[in-house]
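These are the residues of each chain, in order.
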Amino acid sequence: MKTFAALLVALSLSLALAHPADAARLRADRHEYLTANLKAIFYHEFGHALIDILKLPIFGQEEDAADVLSVFMIDALFDGDTAIEMAYHTAYGFLGETKNSSGFEPAYWDVHGPDLQRYYTFVCLFYGADPDARQRVADDLELPAPRQRTCVDEYNKARESWGTVIKQLYERGPGRSIRILVDHRVDEFGRYTGKVMQDQIRAMNADLSLPKRVLVRVEECGTANAFYDAKTREVIMCTEFAEYLHDIAPRR
């Protein structure tokens, strides 16, 4: 895998060399990267849904708690090399966001933490879940040694909190509490997002259920975004987000 510094260079070249035709064509060599990032984003928004539906107490920023669930789900739902590949791709997504916002002062007022900080927290938690098997991940992604020493404790705290919540959902058994609706007018990025979400939701419904239904909508929003609407209990996956992620993917 590329080092952190080399990856930043690759991302810089990717953004500098992007051609309008790239934005209109979903490249096959970016499918795994795009799939991993779409799932990670969905897990984050699913975290917001659980906080709302289950009325979970959050001590700190809700966005941070949702980020933690995303890492926990990747580790819990995928085995071995698959989880590791997803972690690399998701980390690259955070780095792409960081590079794309270079030259701008971080929005410290925003509810989300700075992208680079979220990147390091993601890598730390994933590494902390299985440090013996994931030392190379931490090294490749240049997680500093002082932070590495805290990662096992950080992951254990995540498991004690989110692990208990997810276990309860599994104990409820399978169901159809998570639904999906894909706007038939979406473009190729929307269709791709819809397929990823359909597969993910089918797998989750086969294993767990929620006390209230959640609808996942894939639609054009006019902006690259994904969010949870507590008023309607809907996770919105904007087609523009998939296109944006596609365009900031590192060239290899």
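Relevant structure appears above.
This is a predicted model, so every value here is computed, not measured.

Calculation criteria
- All chains use their own residue numbering, which begins from 1 and follows the written sequence.
- Local features in this predicted model are restricted to residues of pLDDT 70 or higher, and side-chain atom pairs are both shown and tallied only at a pLDDT of 80 or more, whereas totals for entire chains, interfaces and linings draw on every residue.
- As a rule here, side-chain values cover all heavy atoms of the structure and leave hydrogens and water aside.
- Numbering goes from the N terminus for both helices and strands, where a helix is a DSSP run of H or I of at least four residues and a strand is a run of E of at least two.
- A helix is expected to span 1.5 Å for every residue after the first.
- The buried label goes to any residue with under 20% of its type's maximum accessible area, the exposed label to any with over 50%, and the partly exposed label to all in between, with areas taken from a 1.4 Å probe on protein chains only.
- Think of a polar contact as two N or O atoms within 3.5 Å of one another; within protein, one of them needs to be a possible hydrogen donor and the other a possible acceptor, and neighboring residues in sequence only count if both atoms come from side chains.
- We call a pair of cysteine sulfur atoms a disulfide whenever their separation is within 2.5 Å.
- As used in this record, nonpolar core signifies buried Ala, Val, Leu, Ile, Met, Phe, Trp, Tyr and Cys residues forming a set joined through side-chain atoms within 4.5 Å.
- We call two residues in contact when some of their heavy atoms are within 4.5 Å.
- Bend, in this description, refers to the angle at a residue between axes fitted to the seven residues ending there and the seven starting there.
- Pairing between strands is defined by DSSP: at least two bridges between the two strands are required.
- Working convention: axes come from line fits to C-alpha atoms, limited for helices to the stretch in contact. Angles between N-to-C directions cover 0 to 180 degrees.
- Should an angle fall under 35 degrees it is called roughly parallel, over 145 degrees roughly antiparallel, and 65 to 115 degrees roughly perpendicular, with every other angle called oblique.
- Charged means Asp, Glu, Lys or Arg here, nonpolar means Ala, Val, Leu, Ile, Met, Phe, Trp, Tyr, Cys or Pro, and polar covers whatever is left, Gly included.

Draft legend 1. Here's a closer look at helix H10 (residues 188–205). When the terminal C-alpha atoms of H10 are compared, their 25 Å separation across 18 residues agrees well with the 26 Å that a helix rising 1.5 Å per residue should span. By the burial criterion, the buried members of H10 are Phe-189, Gly-190, Tyr-192, Thr-193, Gly-194, Val-196, Met-197, Gln-200, Ile-201, Met-204 and Asn-205. The opening residue of H10, the one whose side-chain oxygen lies 3.1 Å from the backbone nitrogen of Phe-189, is Asp-187.

Draft legend 2. Quick look at the state of the cysteines. Following the criterion strictly, the structure yields two disulfides and no others. Between the sulfur atoms of Cys-124 and its disulfide mate Cys-151 the distance is 2.1 Å. Taking the torsion about the sulfur-sulfur bond, which here is approximately -125°, the covalent link between Cys-124 and Cys-151 counts as left-handed. Placement of the pair is Cys-124 in helix H6 (residues 115–129) and Cys-151 in helix H9 (residues 151–171), with a sequence separation of 27 residues. Residue Cys-124 is classed as buried on the basis of its relative accessible area of 0%.

Draft legend 3. Seen up close, the nonpolar core. Ranked by size, the top nonpolar core spans 68 residues in total, and within it Leu-38, Phe-42, Phe-46, Leu-50, Met-197, Leu-210 and Met-237 carry the most contacts. Among the elements that take part in this core, helix H3 (residues 31–53) stands out by supplying 13 residues, more than any other. When residues no more than four places from it in sequence are discounted, the contact partners of Met-197 are Leu-38, Lys-39, Phe-42, Ile-180, Val-216, Val-218 and Met-237.

Draft legend 4. Broad picture of the environment of Ala-66. In this structure, Ala-66 sits in helix H4 (residues 62–77). Separated by 23 residues in sequence, Ala-66 and Tyr-43 place their C-alpha atoms 7.7 Å apart. Discounting residues that sit within four places of it in the chain, Ala-66 has contacts with His-44 and His-48.

Draft legend 5. Up close: H9. In this model, H9 (21 residues) spans 28 Å end to end at C-alpha, consistent with the 30 Å of a helix rising 1.5 Å per residue. At Trp-162, H9 shows its largest kink, close to 35°. Regarding H9, the residues found buried are Cys-151, Tyr-155, Ala-158, Trp-162, Gly-163, Val-165, Ile-166 and Leu-169. Buried positions along H9 lie against H3, H4, H6 and helix H8 (145–148). Within two residues after H9, Gly-173 carries a phi angle of roughly 85°, on the positive side.

Draft legend 6. Highlighting the sheet that holds strand S4 (residues 234–238). Strand order in the open sheet made by the four strands is S1-S2-S4-S3, with mixed pairing throughout. A single partner strand is all that each edge strand has here, and the edge strands are strand S1 (178–182) and strand S3 (226–229). Pairwise comparison of adjacent strand axes, ignoring direction, gives a mean angle of 20° for this sheet. Strand direction decides the pairing type here: strand S2 (residues 214–219) and S4, joined by five bridges, are parallel. Its bridge partner being in S4, Arg-217 is matched across the sheet by Ile-236. Strand contacts of helix H11 (residues 239–247): S2, S3 and S4, with the helix running at about 45° to S4, the strand carrying the most contacts.

Draft legend 7. Layout of the packing of H3 against H9. Two elements in contact, H3 and H9, have axes whose closest approach is 12 Å; the angle formed by their N-to-C orientations is 80°. It follows that H3 is roughly perpendicular to H9 by the angle criterion. The residues of H9 that touch H3, namely those facing Phe-46, Gly-47, Leu-50 and Ile-51, are Trp-162, Val-165, Ile-166 and Leu-169. By residue class, the composition of the contact of H3 with H9 is seven nonpolar, one polar and no charged.

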